[in-house]
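This is what each chain is made of:
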2 protein chains.
Amino acid sequence: MPVFSKEEYAQRVKRTKEAMQEKGIDLLVVSQPANMNYLTGYDGWSFYVHQCVLVYLQQEEPMWIGRGMDANGARITTFLSEDSIREYADYYVHSTERHPMNFVADVIREKGWDKGTIGVEMDQFYFTHRAYLELEKDLPEAKFTDGNVLVNWVRVVKSDQEIEMMKRAGMIAVKVMDAAIKNINVGVRECDAAAEIVHAEYKGAGEFAGDYPAIVPLMMAGEATKTPHLTWSEKVYQQDEAVLLELTGAYRHYHAPIARTIFLGKEPPKLMKDTAEVVMDGL
Amino acid sequence: MPVFSKEEYAQRVKRTKEAMQEKGIDLLVVSQPANMNYLTGYDGWSFYVHQCVLVYLQQEEPMWIGRGMDANGARITTFLSEDSIREYADYYVHSTERHPMNFVADVIREKGWDKGTIGVEMDQFYFTHRAYLELEKDLPEAKFTDGNVLVNWVRVVKSDQEIEMMKRAGMIAVKVMDAAIKNINVGVRECDAAAEIVHAEYKGAGEFAGDYPAIVPLMMAGEATKTPHLTWSEKVYQQDEAVLLELTGAYRHYHAPIARTIFLGKEPPKLMKDTAEVVMDGL
C-alpha cells in the first residue's frame, strides 16, 4: 500500500542522512506530517496528536512513533519493520502528567541514540515548545540543534515518480477549476459552489482519485476580494462581482495549485482588465 | 460580519481575563486558530503563517497580529478597532533572518506589556518552539508561563448563541451521514463516495451553509478498519465489508460529529452484531 517503491523511500532517507551529516546531526526528529509521509509513506489523519519519524545516521530504517491506534495505519502504509513501529498508550494523550515526547525519549534512550546531536524541526507546526522541553528534560546527554526545513529541502528535488503524481494532480486541478467556472454564477450561494468544487477535488480525474488538499477552496467575492483567505458562506454571488479563485488538485498528497479571477458580468472594469494585462506581461 | 454580537465576544474576553488572573498571567498570547476565532471572531485560512491574538489584563480589547495581507480579513471578520489590528510585512514570512514573533515582541514592548508574566500556549500546534525562543530573546523583562489550554477551558461553557450554532451543525451532520449511507455501496469507489459526503458537508442544510470541518470524511473499509485514520483512494467497496464512518457537520466552525458503522451485505457477522449490542448497552 505505500505509494512509492521501497527503493524510492530508501533514496529519500539516504539524501536526508547526507543533509544531516552536513549539519552535524546524528538523530533527526521529524514531526511535520508531510515530511513523515515523504520518508516512510506513513499516511493517516492522525497529526492532531504528537507523532514523529526518527532518522538515525547509523540505522538503515527510519522509525515511526505514534499513538497506539495509529500503529496499524503505519503497518498498512509503510514498509517499516515491526521494530521500527513504536506506539504509545492513550494515557499519554492530552495528559497533564505525561507527554508523548516522554515516550519518544524512552525509545531514543533504549536505542542508545541519545548521546549525540539531535535535530528537531523548531519552527514547524506540530513540534510544539512543550515537545522540545520534554525531550530536553528526558535526554540530558543530547545536544539539540535546529533541523527545521532539512527534509523540506530534500523534498525540493522531485523524482520521476513524484512528477507523475504531480501530473495527475494537474489533471484533477483542471476539473476543479472547470467546476468553479461552471458553478459560480450570479444568484448562486457561495456554499453551493464550494460544494461542487470540493466534489471535483475528491472525485479526481478519470481513474485517479482526488485527495484532500492542503487548502480549502478559496473563492473570495465582492468585499472579501480585499483579502485572500476568507471562506464561503450562505452569501449569494452578485452581478458584476469579481471572484478570486485559489484552488488545487491533489493526488496522493501531491498538489497542483491554480489561481484565476473571474468576473460575473458582461465586461470587467477597465482597471481590472489593465491589471490582467500587466500581470500577463509580467508572467 | 462577525458571527456573534459584540457583547458575546466581550463576555468571552472577560471570562478569559478571569482565568488569566487566577493563573497570574498579565498578557496571554493566543496562537491556536480556534481560540483566536473565539475571542475576536477572526476567521481566515491564514494559520499557515504565524499569527496571534494578545489579551492584556488592563486593556479592554484583544489585539490581532498577523500577516499584512490578512489584516483586511481581520477588519471584515472582527469588531476590533484599528489600533488592535497589527500587520507584519512579508519579509517576516519564512525568513532565515527575521521571525514574525520579533514583530509581535516589538508590539508588546511598544504597548509596555513586557514587564509582567506572559502566558503562551506551550503545547498547541501553531505555537512552535522557535516562536517561544524569539519571544524570550526579545522580551528579557518578561516572565513566561504556560497558558496552554486556558482559552479552551473557557470555551467549554457554551452560550445560547453557540448552542444554536451546534444545532445547525447537527442538522448538517444528518445530511452528511445520509449522503454516506446512500452513496457507499458495493462496486462504488471510495473517492466517489467521499466526494458526495464532502459535498453534503459544504452545502449544508437548508438555509445554513456548511463549513469546512476539522476532519476529512473518515470512512475506512476492509483491511483499513483495523485502524481509525486512513483516508480514501480509488479502491472499490466489496461485498460483506464493514465501513467505519467518522463524519461531522460544521456550521461557522461549530461541529456536530457523528460516527456509525455500516455493513455492505445481507447480515453482519455474529461478532459484529454482538459487539454492536454491547456498545448500545454501554451507551
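All values derive from a computational prediction rather than experimental measurement. (Residues numbered from 1 in each chain as written. Chains lettered and ligands numbered in written order. Predicted model: local features only at pLDDT ≥ 70, side-chain atom pairs only at ≥ 80, totals over all residues. Heavy atoms only, no water.)

**Quick notes on the sheet that holds strand E9 (residues 254-263) of chain B**
All names here are of chain B. One open sheet holds the 3 strands; their spatial order is E7-E8-E9, and the pairing between them is antiparallel. Since the sheet does not close on itself, it has two edges, and those belong to strand E7 (218-221) and E9, each with one partner. Here the strands of the sheet are splayed against their neighbours by 10° on average, with no regard to which way each runs. Two strands pair when backbone bridges link them, and strand E8 (residues 242-251) and E9 are joined in this way by 10 bridges, in the antiparallel orientation. In the strand pairing of E9, Tyr251 is matched with Tyr254. Strands E7 and E8 of the sheet are contacted by helix H8 (residues 190-203), whose axis makes an angle of about 160° with E7. (Pairing = 2+ DSSP bridges. Helix = DSSP H or I, 4+ residues; strand = E, 2+ residues; numbered from the N terminus. Axes fitted to C-alpha atoms, helices over the stretch in contact; angles between N-to-C directions. Contact = heavy atoms within 4.5 Å.)

**Thoughts on the interface of chain A and chain B**
At the junction of the two partners, chain A supplies 63 residues and chain B supplies 63 residues. Taken over both partners, the interface formed by chain A and chain B buries close to 5,100 Å², and the fraction arising from carbon and sulfur atoms is 61%. For the chain A face of the interface with chain B, the top three residues by lost area are Trp45, Phe125 and His129 of chain A, together amounting to 15%. At the boundary of chain A and chain B, one finds 4 salt bridges. On inspection of chain A and its partner chain B, the count reaches 37 residue pairs in polar contact (both at pLDDT 80 or more). Looking at the side of chain A that touches chain B, the elements that each hand over two or more residues are helix H3 (68-77), helix H5 (129-138) and helix H8 (190-203) of chain A. Per-element accounting of the side of chain A that touches chain B gives the leading share, 9 residues, to H8 of chain A. Grouping the amino acids of the side of chain A that touches chain B by side-chain chemistry returns 32 nonpolar, 17 polar and 14 charged. (Buried area = accessible area lost by both parts, 1.4 Å probe. Salt bridge = Lys/Arg side-chain N within 4 Å of Asp/Glu carboxyl O. Polar contact = N/O pair within 3.5 Å; in protein donor to acceptor, adjacent residues only side chain to side chain. Nonpolar A, V, L, I, M, F, W, Y, C, P; charged D, E, K, R; others polar.)

**Re the relation of the copies chain A and chain B**
Rotating chain A by 180° and translating it 0.0 Å along the rotation axis places it on chain B, where the RMSD comes to 0.0 Å. Here the copies are linked by what is in effect a two-fold axis. Closest approach to the rotation axis within chain A is made by the C-alpha atom of His129 of chain A, at a distance of 1.9 Å. Of the residues that chain A buries at the interface, 100% are likewise interface residues in chain B, meaning the two copies contact each other through the same surface. (Least-squares fit on C-alpha atoms with pLDDT ≥ 70 in both.)

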